[in-house]
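Chains, contacts and geometry: an overview
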Amino acid sequence: MAISNELKWKLFKGLGILAVLLPFILFLFVPLIYSIWYINPFYMYTFFNTQYKIKIFEFSLENSMMQGLLSALCSFAIGYPVGIIIGLYQFKFKNVLLTLSYIAFFMPSILMVFAFIEFFYLLHFYNFFGLYGIILVNTAFNAPLIAIFTSSSTDHIPVSLIYSAKLLKANIIKIFRKIYFPYTYESALIGFILAFIYSFMGFTAPLMIGGTSNYTMEIWIYILYKSFFDVKGAVTVALLQILILIIPVVIYFVLSSKSMYLSNLSRKKEKLYSKRDYKKSLGAYVLVSLYTLFISIPFFTILYYTLFGSGKLSFSPFLTLFSNITTYKIGIPYINVIINSLFFSSIAMFLSIGISLIVLYFAEELTWIKISIVLPLIVSPIVLALVNYMFYINIFTNVWPIIVIAQTMVSLPIVSRLIDNSIKMVPKNLEYSAMLLHTRRSDIFFKIKLPIIKYTLILSSMLSFVMALGEFGATFFIFTPLFTTIPVSIYEFQSLRDFTLAYSSASILFVITFVILYIVFSKEAYKWQS
């Protein structure tokens, strides 16, 4: 009987693993393989022997590398010291700052770029466009990410080491070099690599404020396909981008896997430096204040232009947004735009959570499955949209399933990582005790593990929804007017120079995003991140 049950479990597990791999096989590997077959090796040779195409590749690669490295370095320079201060010091409104950091990182890219454009227009500073503007926007995204990772890693610093260093009257530089840095550099490095990857695959910022001289590989994939009608050229650049990103993604996977097994030396929220110490530290106070102002710019800018964009307090732009004027401009009633966004994001959320839970249930210890989960970090939303559109356009009657696929893949690496890390925090003795009592595997998972990580499941669902809601690149690449989403509508209104409707649409996306993220992070932000 025992053997029979074991065989049943192995068969069931095999089917579960197949269910996990099926989305990646259908919507990642098969389209990519088809794309490679489509261009064939001879075209690759032709591509690298065509003068203007090789120039496009070299030019776009240089821009992507420069923007990725400079943005990651600036994000690290700001996020790392701020993260250490947040992790070690106790100060007023600390949880509010953490909440703002989370919101800034998960804020839709179209909102962040649009807000900075309008902020600098408000200041009559018109030189914001170009490389410096792109780096500024990328830093506003990624500095909070590095700050969050770093502040979380400070929980592993043993209190005794700090107290001993203080008793020996060690200077701050030596304390940092011997204690702070060894316990925080890995988490900060993970954030740095992610910042590089996200900036390297930049699409929204270079498209809206970069100009042709700063177009990245992502944008040239879009231009080759949409403007030059060079499908093979677009696929070639996309495949080359994937090859380039393999190295940083492998480093990220190795470091993040290692970081999960750090010793549990948590100080249970005890801070090494009190509010009085924080007030005495002028450098920490100034840095945190500037950081807070910096990441708050998009929030206040959108609210200001929404309420006072016409020169006085007025809500009439919202009435116009839902009128026939909008239908005439973008080809769809705005209420349908909202329905599209909510519908696509909801499906992507359920798919992301479902795939992540199936992975944990059937393949928790299978590293190669987890590698498959992070593959979307290599394949950008634009590339996902391109290869899936090429392969499935004659299968699907509409493009919306491809939009949902791209939105799911965008959120999957972060969602699965959150749930996986949370599952590993479940005390092993609970699982062992249940096994000794001959509790079924399904009961251990659904009645012991899932109830313990229920907060993480809610958080992950919310984050998945928000990331899908704000996804712009892939949706913009393949959308038709019938399937316009809120981020696409913002860009469409701005392209039509109708900034009033753009402000209104941006404010709706901002309110939805901000409210969801604030609900998720405000009460237990510090608890979750540690």
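Structural data are supplied above this passage.
What counts and how
- Every chain begins its residue count from 1, and numbering advances along the sequence as written.
- This being a predicted model, a pLDDT of at least 70 is required before a residue's local features are given, and a value of 80 or more before pairs of side-chain atoms are given or counted; all residues contribute to the totals for chains, interfaces and linings.
- Side-chain metrics in this entry use all non-hydrogen atoms of the structure; hydrogen atoms and water are not considered.
- Counting from the N terminus, the helices are the DSSP runs of H or I reaching at least four residues and the strands are the DSSP runs of E reaching at least two.
- Relative accessibility decides the category of a residue: with a 1.4 Å probe and only protein chains considered, values under 20% of the type maximum give buried, values over 50% give exposed, and everything between is partly exposed.
- Any two residues having at least one pair of non-hydrogen atoms within 4.5 Å are treated as being in contact.
- Only the protein chains shown count as cover for residues, and all accessible areas are computed by the Shrake-Rupley method using a 1.4 Å probe.
- Note on ring pairs: Phe, Tyr and Trp rings are taken, using the six-membered ring of Trp, and paired if centres are within 6.5 Å. Classes follow the plane angle, with under 30 degrees stacked, over 60 edge-to-face and the rest tilted.
- A ring is scored as having a charge over it whenever the NZ atom of a lysine or the CZ atom of an arginine sits within 6 Å of its centre and within 35 degrees of its normal.
- Here a salt bridge means any side-chain nitrogen of Lys or Arg lying within 4 Å of a carboxyl oxygen belonging to Asp or Glu.
- In this scheme, patches are assembled from residues that exceed 30% relative accessible area and form no salt bridge. Like charges are connected within 9 Å, while nonpolar side chains (Val, Leu, Ile, Met, Phe, Trp, Tyr) are connected within 5 Å.
- Working definition of a nonpolar core: buried Ala, Val, Leu, Ile, Met, Phe, Trp, Tyr and Cys residues. They are joined through side-chain atoms within 4.5 Å.

The next thing to look at is the overall build of the chain. Looking only at helices and strands, one finds 25 helices and zero strands in the chain. Here the chain, with 530 residues, has 55% of them falling under the buried criterion. The contacts in the chain between residues at least 6 apart in sequence include a share of 83% that link residues at least 24 apart. Surface exposure of the chain reaches about 24100 Å², of which carbon and sulfur atoms provide 69%.

Although it is not a glycine, Phe 229 adopts a positive phi angle of roughly 55°. Locating Phe 229 in the fold gives a position in the loop between α9 (217–226) and α10 (231–259). Here Arg 497, not a glycine, exhibits a phi torsion of approximately 65°, which is positive. Mapped onto the fold, Arg 497 is located in the loop between α23 (486–495) and α24 (499–521).

Moving on: the packing of aromatic side chains. Using the criterion set out here, one finds 38 aromatic pairs in the structure. Summarising the aromatic geometry, the rings of Phe 203 and Tyr 222 are spaced 5.9 Å apart at their centres and angled 70° between planes, so their arrangement reads as edge-to-face. With Phe 203 in the loop between α7 (172–200) and α8 (204–210) and Tyr 222 in helix α9, this residue pair connects regions lying 19 residues apart in the sequence. With relative accessibility at 16%, the residue Tyr 222 sits in the buried group. An aromatic cluster is present here, built from Phe 203, Tyr 222, Tyr 225, Tyr 389, Phe 472, Phe 476, Phe 477, Phe 479 and Tyr 491 joined pairwise through their rings. Here the guanidinium or amino end of Lys 226 rests over the ring plane of Phe 477, the centre of that ring lying 5.6 Å away. Lying over the aromatic face of Tyr 38, Lys 232 brings its terminal NZ or CZ to 5.7 Å of the ring centre.

Let us now look at the pattern of salt bridges. Scanning the model with the defined rule gives two salt bridges in all. Across the pair Lys 53 and Asp 230 runs a salt bridge, and its minimum N-O distance is 3.3 Å. Placement of the pair is Lys 53 in helix α2 (residues 51–88) and Asp 230 in the loop between α9 and α10, with a sequence separation of 177 residues. One salt bridge in this structure joins Lys 329 and Asp 498, with 3.4 Å as the shortest N-O distance. Taken together, the residues span a long stretch of sequence, with Lys 329 in helix α14 (residues 324–330) and Asp 498 in the loop between α23 and α24 at a distance of 169 residues. Judged by its relative accessible area of 31%, Lys 329 falls in the partly exposed class.

With that settled, consider a nonpolar patch on the surface. Taken together, the side chains of Leu 22, Ile 25, Leu 26, Phe 29 and Ile 33 present a nonpolar region at the surface, about 400 Å² in accessible area. Note on placement: Phe 29 falls in helix α1 (residues 2–47). For Phe 29, a relative accessible area of 31% gives the class partly exposed.

Burial of nonpolar side chains together is a common tendency in soluble globular proteins. Formed by 158 residues in total, the largest nonpolar core has its most connected members in Phe 116, Val 137, Leu 386 and Phe 476. It is α7 that contributes the most residues to this core, 12 residues altogether. When near neighbours in sequence (up to four residues on either side) are disregarded, Phe 476 contacts Phe 203, Leu 207, Tyr 222, Val 488, Tyr 491 and Glu 492. Membership of the second largest hydrophobic core comes to 15 residues, among which are Leu 21, Leu 357, Ile 419 and Ile 453.

Attention now goes to the side chain of Ser 75. The topology assignment puts Ser 75 in helix α2. Residue Ser 75 is classed as buried on the basis of its relative accessible area of 0%. Not counting residues up to four positions away in its chain, the partners in contact with Ser 75 are Tyr 80, Asn 138, Thr 139, Asn 142, Ala 143 and Ile 146.

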